[in-house]
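Listed here are the chains, written in short residue letters.
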Amino acid sequence: EWKLMDMDGNALCGNEMVSQLNPLSAMKLEKQIPDVEYKKDNCYVSYSLSVDGAAVTDRVLMLYENKRYDFRKPDIKTQIDKDGNGIYITLSSDCLARYVKLSANDNNTLFDDNFFDIVPGREKKVYISDNTDIDIIKNTLNVMTLYDVL
């Protein structure tokens, strides 16, 4: 599935493609952006790959270099939960959050993913499998994005 989106997370167009691939094989996908009116420096393509209904990858393709975009400050919401084996952090944003980086507990916490984008309308789940106390994560979690360093 792919969507051409503006910086506020509005989908301008998109498409879903269903295919079946053999393991360790490849398939060429043709460019399919129809004739819609958009500004390249205010849009990006969000795409995901799902296997049996579960997303296995979720990525962003910028149409220009990051320095050409007028990024908004994302309002990132976090929810921190514990399960039997570790801690889950669920993140969401009101606009594109580019290059999100997490840190906590004096940078000693090991996240299963720690450099990613958050697309509005989609949640990102990050897992901590070490024995870090959930209260330490709740009190020390720091979320930075590209916007914070521009």
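What counts and how
- The numbering scheme is per chain: residues are counted from 1 as the chain's sequence reads.
- For a predicted model such as this one, the threshold for reporting local features is a pLDDT of at least 70, and the threshold for listing and counting side-chain atom pairs is 80 or more; totals across whole chains, interfaces and linings nevertheless cover every residue.
- No hydrogens and no water enter the side-chain calculation; it runs on all heavy atoms of the structure.
- Patch criteria: residues need more than 30% relative accessible area and no salt bridge. Like-charged residues are merged within 9 Å; nonpolar side chains of Val, Leu, Ile, Met, Phe, Trp and Tyr are merged within 5 Å.
- Surface exposure here means Shrake-Rupley accessible area, sampled with a 1.4 Å probe, where a residue is shielded only by the protein chains that are shown.
- When a carboxyl oxygen of Asp or Glu is within 4 Å of a side-chain nitrogen of Lys or Arg, the pair counts as a salt bridge.
- Secondary structure elements are taken from DSSP: a helix is a run of H or I of four residues or more, a strand is a run of E of two residues or more, and numbering for both begins at the N terminus.
- Only Phe, Tyr and Trp rings are paired, with Trp represented by its six-membered ring, and only when their centres lie within 6.5 Å; those with planes under 30 degrees apart are stacked, over 60 edge-to-face, the remainder tilted.
- Each residue gets one of three labels from its accessible area relative to the maximum for its type: buried under 20%, exposed over 50%, partly exposed in between, using a 1.4 Å probe on protein chains only.

Engineer: Break down a nonpolar patch on the surface for me, with residues and values.
Structural biologist: Among the surface-exposed residues, Met17, Leu21 and Met27 lie close enough to one another that they form a single nonpolar patch of about 270 Å² accessible area. Here Leu21 lies in the loop between strand E2 (11-15) and strand E3 (43-51).

Engineer: Please provide a residue-by-residue account of the packing of aromatic side chains, values included.
Structural biologist: Tallied over the entire structure, the rule returns three aromatic pairs. Judged by centre distance (5.8 Å) and plane angle (40°), the ring pair of Tyr69 and Phe71 falls under tilted. Neither residue differs from the other here; Tyr69 and Phe71 are each classed as buried. Centroid distance Tyr88 to Tyr127: 4.7 Å. Interplanar angle 50°. Geometry classified as tilted. Residue Tyr88 is located in strand E6 (residues 86-93), and its partner Tyr127 is located in strand E9 (residues 124-128); the two are separated by 39 residues in the primary sequence. Residue Tyr88 is classed as partly exposed on the basis of its relative accessible area, which comes to 33%.

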